[in-house]
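# Observations on the model geometry
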Amino acid sequence: MPYFNRINSAKKILLLIFRGKIINTVRNITADCLYGQKVLKMKNYIISSVITQLSMLILILLVIKNKTSAKSVKVGIIITSVMIMVCDICEFASILLSGTERSAQTEVKLTELLLTPVIPFVLSTAVYPRIPKKVIFYSAAVNAVFQILSLPFGTVFYIDGQNNYCRGSLYRIYCLFILSGVILLVCTAVKSGIRFQNRNNVSLGMILFFAFTGVLIQKIDGSLRTAWLTAAIGMILFYIYYCNMVLQIDAVTELLNRRSYESRFQNQRRRATVLMFDINDFKSINDNHGHGAGDSCLRAVAEALKAVYGRYGLCYRIGGDEFCVIIDRHTGSADIDELNEVFKQRLLACGKSDGNIPTVAVGYSVFKPHKMSFSDAVLSADKQMYRNKNSR
């Protein structure tokens, strides 16, 4: 019996050792898997951050080299790009510091949360200069107070006992603050589109949807850091959208320019009314009062065109003192004559306050695709305009 007892004891010891090896093996495999997942996540974070940084650097170089955009627009886009780069770096640093440096992690998260809501406000003032710059200051100040209160009270964010970043109870209010900036950006972009007669709101909507999708993906799965990457790409797409809009604008009158008119000329396929305009005695204004007075006259006529015809069609400056309006809506001769009379009266009212506003000759024709070419319609409107000009 003692012999068999010793054998049983030895079996139990071997079994425990074997089980211990299995447990250790499982633990090692689990640890390797977790380490592998962590390394893979860090690789994804690094790749995402590198692409974000490079894309913003490229955009900054493109903006600097751009000779057509206004200085205020260029400065605003550069500042916005730098802010995106800084926020992306802060987010990446927060991931690296997670569970380690409490004070350092607090600093990088505070920096990110201070800058993020201000980004859409800065971009809004860049694309729509009529917004006062103090809007940026007020938005930044309100957000700064909100974030600084989080340091002692943890209202928006806090670092827990394990030195990990956590969202506070008022984080949703912070998100609403960001949303208000985005809404302002959308409104300013739409206003700029109205100002420049841009009707490509679908592209603007797709860009916003793209950026929103990146943020939503990160909210659903925190391991996918897509917010700043899509923000950077969305910024590039928005810059392309804005440049395409501005390149079609005449610098003096802010009407659509000759290039835009020629593109419309070649692609017009639907029924439309074509109106041609020519300023009477414009040369005498330049000769007697200078080109500054001539430019003021052009701007006054352009504003009258947009005010009267803008809601019905698109207004173009196609030459020195020549303008064109193309109305796609089905309008009869009586409607056009009524609009022309409103335009005439508006110019007369402007002339009472500014003696350099002359009369304008007008002619129009209806383009019917099944009966004539668009060039024939333009020629017909041009001939009527010159008949009116010579008969005054």
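Residues numbered from 1 in each chain as written. Predicted model: local features only at pLDDT ≥ 70, side-chain atom pairs only at ≥ 80, totals over all residues. Heavy atoms only, no water.

Let us look at the overall build of the protein. What the protein contains, in helices and strands, is 14 helices and 6 strands. Here the protein holds 392 residues, and 41% of them are scored as buried. Accessible surface computed for the protein: about 22100 Å², of which carbon and sulfur atoms make up 63%. (Helix = DSSP H or I, 4+ residues; strand = E, 2+ residues; numbered from the N terminus. Buried < 20%, exposed > 50% of the residue type's maximum accessible area, 1.4 Å probe, protein only. Areas by Shrake-Rupley, 256 points an atom, 1.4 Å probe, with all protein chains shown as cover.)

Let us now look at the layout of surface pockets. Of the voids in this model, the largest pocket is the one considered here, and its volume is about 1400 Å³. Taken together, the residues of the lining of the largest pocket break down into 29 nonpolar, 8 polar and 6 charged. As a volume, the second largest pocket reaches approximately 390 Å³. Forming the walls of the second largest pocket are 20 residues, and the residues nearest its centre are Asn-340, Lys-344, Val-360, Ala-361 and Val-362. Listing elements by their share of the lining of the second largest pocket, those giving two or more residues are helix H13 (333-353), strand E6 (360-367) and helix H14 (374-390). Top contributing element to the lining of the second largest pocket by residue count: H13, with 7 residues. A per-class count over the lining of the second largest pocket returns 9 nonpolar, 6 polar and 5 charged. (1 Å grid on protein atoms, 1.4 Å probe; cavity = no way out; pocket = protein on both sides within 12 Å on 5 of 7 lines; lining within 4 Å. Points joined across faces, edges and corners; volume = space filled by probe spheres on them. Nonpolar A, V, L, I, M, F, W, Y, C, P; charged D, E, K, R; others polar.)

Before going further, it helps to examine H14. Taking 1.5 Å per residue, 17 residues should reach 24 Å; H14 reaches 25 Å between its end C-alpha atoms and fits that length. Considered for burial, the residues of H14 that qualify are Phe-374, Ala-377, Val-378, Ala-381, Met-385 and Lys-389. Within H14, the buried residues cover an arc of 110 degrees as seen down the axis, which keeps them to one side. Of the residues in H14, the exposed ones pointing more than 90 degrees away from the buried face are Arg-387 and Asn-390. Considering only its buried residues, H14 is in contact with helix H10 (258-267), strand E3 (272-279), strand E5 (322-327) and E6. (Expected span 1.5 Å × (residues − 1). Arc of directions from axis to C-beta. Contact = heavy atoms within 4.5 Å.)

With that settled, consider the side chain of Arg-317. Mapped onto the elements, Arg-317 comes out in strand E4 (residues 313-317). In this structure Arg-317 comes out as buried when scored by relative accessible area, which is 14%. Polar contacts involving the side chain of Arg-317 include one to the side chain of Asp-250, which spans 3.3 Å. Filtering out sequence-adjacent residues up to four positions away, Arg-317 remains in contact with Asp-250, Val-252, Thr-253, Leu-255, Leu-256, Asn-257, Arg-258, Leu-298, Glu-322 and Phe-323. (Polar contact = N/O pair within 3.5 Å; in protein donor to acceptor, adjacent residues only side chain to side chain.)

Looking now at the packing of aromatic side chains. Taken as a whole and assessed by the stated rule, the structure comprises 12 aromatic pairs. For the pair Phe-157 and Tyr-165, a centre-to-centre distance of 6.2 Å together with 35 degrees between the ring planes defines the contact as tilted. Look at Phe-157 and you get buried, because its relative accessible area is 2%. When its relative accessible area of 24% is taken as the criterion, Tyr-165 is described as partly exposed. Their ring planes at 45 degrees and their centres at 5.4 Å tell us that Tyr-171 and Tyr-174 sit as a pair that is tilted. (Phe/Tyr/Trp six-rings, centres within 6.5 Å; stacked < 30°, edge-to-face > 60°.)

This next bit is on empty space enclosed by the protein. Within this structure, the stated rule accounts for 1 cavity of 30 Å³ or more. Along its surface, the largest cavity is lined by Tyr-45, Ser-48, Ser-49, Asp-88, Glu-91, Phe-92, Ile-95, Arg-225, Trp-228 and Leu-229. Listing elements by their share of the lining of the largest cavity, those giving two or more residues are helix H1 (2-65), helix H2 (71-97) and helix H9 (227-246). Ranked by the residues each element gives to the lining of the largest cavity, the list is headed by H2, at 4 residues. Across the lining of the largest cavity, the residue classes break down as 5 nonpolar, 2 polar and 3 charged.

Next up on the list: the environment of Ile-64. Along the polypeptide, Ile-64 turns up in helix H1. Of the residues examined, Ile-64 reaches a relative accessible area of 44% and is grouped as partly exposed. Considered as a pair, Ile-64 and Val-75 are 11 residues apart in the sequence and their alpha carbons are 8.9 Å apart. In contact with Ile-64, other than residues within four places in its own chain, are Lys-74 and Ile-78.

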